[in-house]
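# Remarks on the overall topology
Each chain, written out:
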Amino acid sequence: MIDLRAYNDLSFTPLKLGVTTSAVPAGLAAISGFSPALPCRAITLRRFAAGERLKFAASVFICICVLLGPALAQGELRFCLRSEPKTFDPLKVEDDASVAIRYLTGGVLVRMNRQTQALEPELAQSWKVSKDGKQITFKLRSGISFSDGTPFSAEDVAYTVQQLMDPALHSPTGDAFRSGPGAVETKIISANQISITFPAAVAGLDRQFDQVAILSAHSTKKEMAVLGPFMVADYKPGATVLLKRNPNYWKTDVQERKLPYLDSIRLDIQPNRDVEILRLKRGEIDLINSLDSEYFDKLAATSPQVVHDAGPSLDSEQLWFNQVAKAPLPAYKKNWFRSASFRRAVSGAINRADLARVVFRGHAQPALGPVSPANKFWFNAKLKADAYSPDAALKALQFDGFQLENGALKDKEGNEVVFSIITNSGNKYRERMATMIQEDLQKIGIHVNVVTLDFPSLIERMTQTFDYEAILLGLTNVGLDPNEQMNVWLSSSENHQWNPQEKSPETAWEAEIDRLMRAQASSSDAKKRKESFDRVQEIAVEQAPFIYLVNRNALSAVSANVQGASPVILVPQTYWNVERLSVK
């Protein structure tokens, strides 16, 4: 019998040529010399010379790849979403669960390879950006259809871009393209060619389209008609999102087999990390895309082949105070939170090295600012970490009129400095971080209450009612370019979390960040862009609207049943190449 295990790098289960002939197409039977009518029979090569045996084996292997292609496209990948997806509309995506579904279902014009960080053609086979950075022209692939059979053309790209840039939609994805006032123009040159012109230059314009999933202009299924490898087949709120293989997906592998290899992906909604890791151990799920350091070490002790530490990630954990004018908070607390010196003092009283060492077991590093050092080009290397110093923090507060009385810090009006930090329940490392911050701030007389909420309730307070004082959460950075943070730094953005959707910048430093972000976004000079974004990072550290705590390492776990996985730093770490994954 011939064991083809050596060919396992082609991402399918190793086969042995001892299969029942009922599973073998007639064409393969004719080539190999046995009849489908015969019972199960092993293929022997004794009558061939050694060299001929190898040729025969290779021939049979190629035939299997070509003729059994659909049979190899089997299996279901299972993993968890840690919150309910807020939307299936790819243009409105901002939460992690919806981002994951968009990545798995959305077809994009270009895709940044998460392993090489190079930009690769997808629905667009080629593109050209104008010298002034305002216009991009795409040449589209022909003969492609959406999952419901609706043909794909330049009309769909035009429709998607117009929807994306509609100010009434408030698309977080669209914010990356808003480098200046004015309307975007789309010109359909032919069925497979389109030019898109923005009112101002957009730096890294082609890379921004990695996040833009193309919608159908004509399908009655609207956003549920997709061009990606999978489509939403079923959704049970609070339980499961089931994705099925898109029968019209256009890609094939080098053997001309249709991709993806998987039949389906089952996404169980499970915010509890303990339950998630237990299910991985039981074999009920196949991977954990982002693994807590505690669980990483436990798994590493028993199953080192399952865990992967890809090194420092782009993601950060951070704390921020509510600065929304209409928030239902006492005026004296709003005064604290709107004071840069208060925010800087709180920042200086937090022991980040301890957070990295204790909470993340060394699988993290203290954060210096908005950009992780892992982003080698855009990180501002001139930034220096504030030394952990409760004494210096207390002196700064006393300079502003705060006084320490019987172990309690009070402001100049005699109000005791007490506030609550909200974080999402079930996230143990955030709960531990909040507890350690509580202990750190107690050393300078600040009393902190730690409150955990389910994620939907937390998001409601953060984005709708603004009924909170401080929040501890993380930001996930999908890409490397600063344009992908426009939806955070522009004062008008919904994700300008400490004070979202300002009609106009409420502070001089926010106005300066707006100016700098638009300047870097409209320049084609990489050096000038870097200078502008370096200054943004400096202002962010000086003003501390976000108190950056740690940059987590990219930790993940992938079952040995999953073939073709190669975890990376960029999101999504484990399933970035999902169309080529297979499950035993």
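Residues numbered from 1 in each chain as written. Predicted model: local features only at pLDDT ≥ 70, side-chain atom pairs only at ≥ 80, totals over all residues. Heavy atoms only, no water.

## Brief notes about the sheet that holds strand β8 (residues 230-236)
Put simply, the rule is: Pairing between strands is defined by DSSP: at least two bridges between the two strands are required. The numbering of helices and of strands both runs from the N terminus, where a helix is a DSSP run of H or I of at least 4 residues and a strand a run of E of at least 2. Angles shown run from 0 to 180 degrees and are taken between the N-to-C directions of axes, each axis being a line fitted to C-alpha atoms and, for helices, limited to the stretch in contact. Note on definitions: a residue-residue contact is assigned when non-hydrogen atoms from the two residues lie within 4.5 Å.
A sheet is described by the order of its strands in space; here four strands give the open sequence β1-β10-β9-β8, paired in mixed fashion. Because the sheet does not close on itself, it has two edges, and the strands there are β1 (76-81) and β8. The average angle at which neighbouring strand axes cross in this sheet is 20°, direction not considered. When β1 meets strand β10 (residues 264-269), the two strands line up parallel, connected through six bridges. By the bridge assignment for β10, L81 is matched with I269. Helix α4 (residues 96-105) contacts β1, β8, β9 (240-245) and β10 of the sheet and is inclined by roughly 140° relative to β8.

## Observations concerning the sheet that holds strand β4 (residues 124-129)
Strand order in this open sheet of four strands is β4-β5-β7-β6, and the pairing throughout is antiparallel. Bordering the open sheet on either side are β4 and β6 (185-190), each of which pairs with just one other strand. On average, each strand axis in the sheet is inclined to that of its neighbour by 20°, with strand direction left out of account. Sheet topology note: the strand β5 (residues 135-140)/strand β7 (residues 193-197) ladder contains five bridges and is antiparallel. Paired with F138 across the two strands is I194, which belongs to β7. Across the sheet, helix α5 (residues 154-164) lies against β5, β6 and β7, angled at about 180° from β6, the strand it touches most.

## Regarding the side chain of H496
We count it as follows: Side-chain atoms alone can form a polar contact between residues adjacent in sequence; in general such a contact is a pair of N or O atoms within 3.5 Å, and within protein one must be able to donate a hydrogen while the other accepts it.
The topology assignment puts H496 in the loop between α15 (486-489) and α16 (508-521). Reaching out from H496, the side chain makes a polar contact with the backbone oxygen of V488 at a distance of 2.9 Å. Reaching out from H496, the side chain makes a polar contact with the side chain of E502 at a distance of 3.4 Å. When near neighbours in sequence (up to four residues on either side) are disregarded, H496 contacts N487, V488, W489, L490, S491, E502 and E510.

## Observations concerning helix α7 (residues 273-282)
Short version of the rule: Only protein chains enter the calculation, and the probe is 1.4 Å; a residue is then buried if its accessible area is under 20% of its type maximum, exposed if over 50%, and partly exposed in between. It is the directions from the helix axis to the C-beta atoms that the arc portrays.
Looking only at α7, the buried set comprises R273, E276, I277, R279 and L280. In an axial view of α7, the angular spread of the buried residues amounts to 160°, which keeps them on one side of the axis. Structural note: α7 exposes K281 and R282 on the side pointing more than 90 degrees away from its buried face. On its buried side, α7 packs onto β1, β10, β11 (287-288), α8 (293-302), α13 (428-442) and β19 (546-558). Downstream of α7 by a residue or two, G283 has a phi angle that is positive, lying close to 80°.

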